[in-house]
Amino acid sequence: MNMEVNVQFSGGTKFEATTRGHRVVCDQPLSNGGADEGMTPPEFLLVSLATCSGFYAAQYLKNHSLPTEGLEVKVSAEKARQPARLGSLRIEVVLPGIAPEHEAGVLRAVKACLIHNTLLHTPQIETVIHSAVLAV
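Thresholds, definitions, all that
Residues numbered from 1 in each chain as written. Predicted model: local features only at pLDDT ≥ 70, side-chain atom pairs only at ≥ 80, totals over all residues. Heavy atoms only, no water. Helix = DSSP H or I, 4+ residues; strand = E, 2+ residues; numbered from the N terminus. Rg over C-alpha atoms; globule rule 2.2 N^0.38 Å. Buried < 20%, exposed > 50% of the residue type's maximum accessible area, 1.4 Å probe, protein only. Contact = heavy atoms within 4.5 Å. Areas by Shrake-Rupley, 256 points an atom, 1.4 Å probe, with all protein chains shown as cover. Lys, Arg positive; Asp, Glu negative; His and termini not counted. Charge placed at Lys NZ, Arg CZ, Asp CG, Glu CD. Pairing = 2+ DSSP bridges. Axes fitted to C-alpha atoms, helices over the stretch in contact; angles between N-to-C directions.

A. Inspection of the overall build of the protein at higher detail. Along the backbone of the protein there are three helices and five strands. Scanning the protein from its N terminus toward the C terminus, one meets helices and strands in the order β-β-β-α-β-β-α-α. Relative to the compact-globule value of 14 Å for 136 residues, the protein shows a C-alpha radius of gyration of 19 Å, a clear excess of over 25%. Along the three orthogonal principal directions, the C-alpha set of the protein runs to about 70 × 35 × 35 Å. Buried positions account for 21% of the 136 residues belonging to the protein. Put simply, of all contacts in the protein between residues at least 6 apart along the chain, 34% involve residues at least 24 apart. In the form shown here, the protein has an accessible surface area of approximately 10,600 Å², with 54% of it arising from carbon and sulfur atoms. Taking the 11 positively charged and 13 negatively charged side chains of the protein as two groups, their mean positions are separated by 4 Å.

Spelled out as structure tokens, the structure:
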């Protein structure tokens, strides 16, 4: 299954991303010269990891007829330098009252998340530049 998003520059530090009829805005905080009209790219990465983890946790709970109400996922990150990147990530899963024997199953499910596995097993990234020919 191929996935694709399209991102258009909206001026300043703002971009609009679209896929499958959905739209999100990405911007920088005021402290970084933006208008703070959307999440930053690193925040979107954390959202991807958190929502994917939450989806897998919820699927485990549903498959075992366990309650999902109150399920919450928090992802935090620490920046690293040289090269600039997120150097460490922490996933915290808050579960509704479930028996301790299911905690290991939820942990296995969260670790099977597509985004989690993508971050653990670095994908190949190809970067291609397309430039319009300027008329003289």
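B. Just unusual backbone geometry, in detail. Between Gln 82 and the following residue, Pro 83, the backbone shows a cis peptide bond with an omega angle of 0°. With a phi close to 55°, Asp 36 is a non-glycine residue in the positive phi region. Structurally, the position occupied by Asp 36 is in the loop between β3 (22–26) and α1 (41–63). Judged by relative accessible area, which is 49%, Asp 36 ranks as partly exposed. The backbone of Gln 82 shows a phi angle near 50°, a positive value even though the residue is not glycine. Here Gln 82 is to be found in the loop between β4 (72–80) and β5 (85–94).

C. Representation of the environment of Cys 52 in the model. Secondary-structure assignment places Cys 52 in helix α1. According to the relative accessible area criterion, Cys 52 is buried, its value standing at 10%. Spatially, the C-alpha atom of Cys 52 lies 9.9 Å from that of Lys 111, the residues being 59 residues apart in sequence. Setting aside its immediate chain neighbours within four residues, Cys 52 contacts Cys 113, Leu 114 and Ile 115.

D. Representation of the sheet that holds strand β1 (residues 6–11) in the model. Taken in spatial order, the three strands of this open sheet run β1-β2-β3, and their pairing is antiparallel. For this open sheet the edge positions go to β1 and β3, each flanked by a neighbour on one side alone. Each neighbouring strand pair of the sheet contributes to a mean axis angle of 25°, computed without reference to strand direction. Of the pairings in the sheet, the one linking β1 to strand β2 (residues 14–19) comprises five bridges and is antiparallel in character. Opposite Asn 6, over in β2, you have Thr 18 as the bridge partner.

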